[in-house]
Amino acid sequence: MTLILRTVTRVVLPLGFVVSFAFFLQGHNLPGGGFIAGVLTASVVALAYLAYGLDGVEHDVLNREVQTAVEHVEHVQHGIVRDYQTLYAAGLALAVVAGLVAILYGVLTGTHLTFMTQTYRSITVPLYGHVELASAVVFDLGVYAVVVGALLTVISVVGAE
Amino acid sequence: MSDPEVVTALALGVLFAAGTFLVLRRDLVRVVFGLLVLSQATNVYLVTVGGIGGVAPVVGHGEGHVTDPLVQALVLTAVVIGFATTALLLVLVYRTYQEHGTIDLDEITGAVR
Amino acid sequence: MQPTPDLWVLVALVGLPFAAAAATPAVTRAIGNLTAYYAAAVAAACFAMVVALAGTHGGAAVTWVGPLSVSVGFYVDGLATLVGALASGVGVLVFCYSAGYMRDEPGQTKYYATMLAFMGSMLGVVYAGDLVVLFCFWELTSVASFLLVGHYSETRESRYAARKAFLVTVGGGLFMLVGFVLLASAVGTYSLTAMLARPAAARSAVENAGLLLPIVTLVGIGAATKSAQLPFHVWLPDAMAAPTPVSAFLHSATMVKAGVFLLGRLRPVLIGDDWTHLLVPLGLATMLVAAILAVCASELKELLAYSTVSHLGLIVAGFGFANVVGAETGVFHLLNHATFKAALFLVAGLVTHATGTKRLDELGGLRRDLPVTAVITTVAALGMGGVPPFNGFYSKEFLYEASYEMAVHHGGLAWLYPLVAVVASVFTLVYALRFCSIFFGERPATLDVHTPARSLVLPPVVLAGAAALLGFGGIAALFGAPLDGLEGFVGSVVAATLPPDTHAHAFHYALPDHIAPAVTMSGLALAGGALCFLRWRAVRTVVRALLDGAPVLRADCWYDRLVFGANEASARVQRALWTGHLRTYAAWTFAGVLVLAGFGYAAAGLVVPLALPSLGITLSVVLLAAVVGALAAVRAPSHVAGVMALSVVGFAVTVFFVLASAPDVALTQVVVETVTFVVFLVVLDKLPSYYGRITRSRAARDAVLSVLVGALVTVTTLAATGADPDRIAGYFVEHAVPDAGGHNVVNVILVDFRGVDTMGEISVIAMAAVTVLTLIVMRERGETP
């Protein structure tokens, strides 16, 4: 069972990341976006946890020592949970900053934009063609980071129990 | 006037009734089940109210009546938040069990009093 | 035309006491007992600003809540100047007095900070040019009064009195707020400045809306609670638990004057028959009842408290009369009362300080030990009793004149007004002489008198001097040399309380030189009072017997019954609702939703639209699967089976989203459903496989509630899908590409159009993560075992 799962996970893991990345990028024009991509990424990592266990991911993949039993705290504190926390905190900050930029821009140009005003530019990339670049992508990235960070925090904390 | 969705209405009625019944149980896990059913049913209700007959709200994807994208955006976030809160509820149940040694609400109340 | 006031002076005037209050802790630490003079200096600065503003007239405002036409507005006229001068001027004296009275007492910081904040609030009420501003400061005075009355918070009486004063005045303030809202909705603005600039227009707007009587009643209740009119007078005697300087300040010159100030302020707009018929009986009844109660009083401050209530009744009645003399009564007595009553309160504190007792019966013959105080008291108390030529006499003359004018004009029952005024004045003279008598006659042998500090004597001397000056004005006027400045000032205050079409004459007062009806009434009252005083013990016995026979007159009972009854009732309700059972709360919530929604549907006359099923067979089957899953979850024999059944529901719903053209939602749902399943199994592994037994009766009860909820949802869904509301969806679909450059409208809404909402939603997700972390990872750090 574990062997099959691990083998499948090895194949699915990169595929899942690629798919979620694609979902994130196409989100503005086709089904997808930060929420979906985030949930998908989180679930793929969760699959890795199922296959290898929390300690395995921490130890083998990230080459970090698993800290156990820090003084009287009996819970295993995985370094990666810290990273997840950083991730959703950073995501939240990014989202706020993405909103604030509009205000700053508005003040600088005297156009009085409100919080979260977004815009986009059409640019032409050689060989690829016409691309619409939306400022909202930055905010969406924040959403993605929060979803991934928060869900993985929950999953890894619950899983560690 | 559009036609009322009779089938969906009946299905939602049963889903809500089931969810309500589960929420009223003594078993904490059942209460979580009930909340889950209720939130699923609410999502279905919202999407239904947004119109289920049209094409997907992607511009240039098809011709004709477009379903309401606003409720879909609402439901999308609700689904993700739903997961976070479900996990939170489960952790609460787990911690309750650790603290009280039971997940029977009647016993917990008795212990508190 | 007088110049308009400067906004910044007004802001400084109202703001300075608050700023000073904030700085008080630091000041007290630095200079200790001298804080009194710091506070007095602040009050003096305020007084100077009041004087500086005295020549101006009109409003100044900055916008606050534009859409509701609410502004931080101030308004200056004669009335504001008078009450503002009392608040700051008496403030100076009271703070100086506090230097002696509160010396070395604990809690000085609290005392001075609250007193200063109170003074600021009072000035805010007085100079408010906007109803909302007035209300805010009005309630602030109540809060400050709560703290001051409850200054000795360790005693039970103080706490009881503080709570009583607070509940009565704040409760009345809420009535007043409703009155203000009605007034503003009729006139179209909250701005007092605008209303007072054109009172006639404001008045006709109120009348056209048919709101005159409700507004007069509601505002009247607000004023009556603050100024302790029947039956709300109960709080004032108890409030004597406060330190004496507080009583002198709040309960003679300021806080209780806020109510009558409000009446004077709105008098030009609201005066009419309703106004007169409400306020005159109220004021005169209060005047009479409180005067009788004051005669029975056994303590110095209790006597003064009831006397204050009585005199406030006089002012209310004065403002109630529609004639010019009525306005003169109210305004002039407002001034007179502040001078003699503040002086008497300070005397009461001084006497208690010097002798250690506050009981009237234990005091007597103090004139040899406290000669200066005896003179002060004589001047002030005779003014209080309305004895010529002391100041209270003149304003009482005006009252007699106003009531007589009204009685002649209306006839019939209106003759009761002058009669009640005279009878009340009889009792007024009795208690005034009774207060005086502690300085005369034999001194009880047991009484031990200390010499009071100078700071305790000087402030009442100043106040009594002011009272004497007012009295002197009348004598001087008799000989053709009136105090022009004073009369002019009072005249400007009177003008501020008159409706615009009144033909006003210049204000003038003098000792009478011929027999007029008012003079006859004065004579009757004085003669009656003097006679009764000679036999005052008998009078007191009779009145006390009367009161014991009818305790309702004491009127504490309604307050106690209401408040303690409410306490018990809420305890009962709490026991019934707070059972600790989650299911009880859930059941009540569901039942509440049922009742509210059902009532709403019935009230709106909802017709449930019905039609033949139009849904495709595929969707129907999918929904059927979800229903089967949910029912299976209800009947599941174990938790794991329940989770299985739930995932049937979840995946059926996913398919439903796919078929309902919601691809984004479906994608999310399918992933979330999978992860949820895993998390469930992980957690359930740690939990016991307990499954609560259901008794049949409980199952039946829950089933009934559940079916009702289900039926409500069905009806709601039918109604919602059957209606064809205006949708904003079209806007998003049309603007997605041109405005946001995205084709996926759902995503565009999430990250662009409704980005702020999404911001909130991801915060919720982050919060859930933080909570889980706290519950699991940090539990060892908490206090839980």
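Everything discussed here concerns the structure shown above.
Heads up: these notes are all about the structure in this document. Note that the coordinates shown come from a computational prediction; the quantities given were computed from them, not determined experimentally.

1. Re the overall build of chain B
Stage number 1. On a plain count of helices and strands, chain B comes out with four helices and zero strands.
Stage number 2. Listing every helix and strand of chain B by position from the N terminus yields α-α-α-α.
Stage number 3. In chain B, buried positions account for 65% of the 113 residues.
Stage number 4. Taking the contacts inside chain B whose residues are at least 6 apart along the sequence as the reference set, 42% of them involve residues at least 24 apart.

2. Quick look at the overall build of chain C
Stage number 1. In terms of regular secondary structure, chain C is built from 31 helices and two strands.
Stage number 2. Classification of the 785 residues of chain C by burial places 52% in the buried group.
Stage number 3. Put simply, 79% of the contacts in chain C that link residues at least 6 apart link residues at least 24 apart.

3. A closer look at the interface of chain A and chain C
Stage number 1. On the chain C side, the residues contacting the 43 residues of chain A number 38 residues.
Stage number 2. Going through the elements one at a time, helix H2 (34-61), helix H3 (79-109), strand E2 (129-134) and helix H4 (136-160) of chain A are the ones with two or more residues in the side of chain A that touches chain C.
Stage number 3. Of the residues forming the side of chain A that touches chain C, the biggest block, 13 residues, is contributed by H4(A).
Stage number 4. Here the side of chain A that touches chain C is built from residues that sort into 27 nonpolar, 12 polar and four charged.

4. Side note on helix H2 (residues 35-53) of chain C
Residues and elements named next belong to chain C.
Stage number 1. With 19 residues, H2 extends 27 Å between its outermost C-alpha atoms, agreeing within 8% with the 27 Å of an ideal straight helix rising 1.5 Å per residue.
Stage number 2. Inspection of H2 places Thr35, Ala36, Ala39, Ala40, Val42, Ala43, Cys46, Phe47, Val50 and Leu53 among the buried residues, and these make up the whole buried set. Each buried residue of H2 sits inside an arc of 155 degrees when the element is viewed along its axis, so together they form one side.
Stage number 3. Next to the buried residues of H2 lie helix H1 (7-31), strand E2 (70-76), helix H3 (78-101) and helix H4 (108-127).

5. Remarks on the packing of H3(C) against helix H11 (residues 244-253) of chain C
Residues and elements named next belong to chain C.
Stage number 1. One can describe the packing of H3 onto H11 by two numbers: an axis separation of 9 Å at closest approach and a directional angle of 165 degrees. Compared by their axis directions, H3 and H11 come out roughly antiparallel. Two packed elements cross with a definite hand, and for H3 against H11 that hand is right-handed. Contacts from Leu86, Val90, Gly91, Val94, Tyr97, Ser98 and Tyr101 of H3 reach H11 at Thr244, Pro245, Ala248, Phe249 and Ala253.
Stage number 2. Looking at the contact of H3 with H11, its residues break down into nine nonpolar, three polar and no charged.

6. Regarding H1(C)
Stage number 1. The terminal C-alpha atoms of H1(C), which comprises 25 residues, lie 33 Å apart, in line with the 36 Å expected from a rise of 1.5 Å per residue.
Stage number 2. Among the residues of H1(C), those classed as buried are Leu10(C), Leu13(C), Val14(C), Leu16(C), Pro17(C), Ala20(C), Ala21(C) and Thr24(C).

7. Things to note about the nonpolar core
Stage number 1. One finds Leu116(C), Tyr127(C), Ala291(C), Ala343(C), Leu344(C), Ala380(C) and Ala467(C) to be the most contacted residues of the largest nonpolar core, which totals 221 residues.
Stage number 2. Among the elements that take part in this core, helix H15 (residues 324-355) of chain C stands out by supplying 19 residues, more than any other.
Stage number 3. Once residues lying within four places of it in the same chain are set aside, the contact partners of Ala291(C) are Ser310(C), Ala424(C), Phe427(C), Thr428(C) and Tyr431(C).
Stage number 4. The next biggest cluster of nonpolar side chains, apart from the first, holds 139 residues, and it includes Val146(A), Ala17(B), Val79(B) and Ile749(C).

8. Some words on the interface of chain C and chain B
Stage number 1. Tallying the contact residues gives 90 residues for chain C and 79 residues for chain B.
Stage number 2. Of all the elements in the fold, those that place two or more residues in the side of chain C that touches chain B are helix H24 (582-603), helix H25 (617-635), helix H26 (639-659), helix H27 (663-684), helix H28 (696-722), helix H29 (729-740), helix H30 (745-753) and helix H31 (755-776) of chain C.
Stage number 3. It is H28(C) that contributes the most residues to the side of chain C that touches chain B, 15 residues altogether.
Stage number 4. Residue composition of the side of chain C that touches chain B, grouped by class: 59 nonpolar, 23 polar and eight charged.

Reading guide: rules and limits
- Residues numbered from 1 in each chain as written.
- Chains lettered and ligands numbered in written order.
- Predicted model: local features only at pLDDT ≥ 70, side-chain atom pairs only at ≥ 80, totals over all residues.
- Helix = DSSP H or I, 4+ residues; strand = E, 2+ residues; numbered from the N terminus.
- Buried ≥ 20, exposed ≤ 12 C-beta atoms within 10 Å, placed from the backbone.
- Contact = placed C-beta atoms within 7 Å.
- Nonpolar A, V, L, I, M, F, W, Y, C, P; charged D, E, K, R; others polar.
- Expected span 1.5 Å × (residues − 1).
- Arc of directions from axis to C-beta.
- Axes fitted to C-alpha atoms, helices over the stretch in contact; angles between N-to-C directions.
- Parallel < 35°, antiparallel > 145°, perpendicular 65-115°, else oblique.
- Left-handed = near helix turned anticlockwise from the far one by under 90°.
- Core = buried A, V, L, I, M, F, W, Y, C linked by C-beta atoms within 7 Å.

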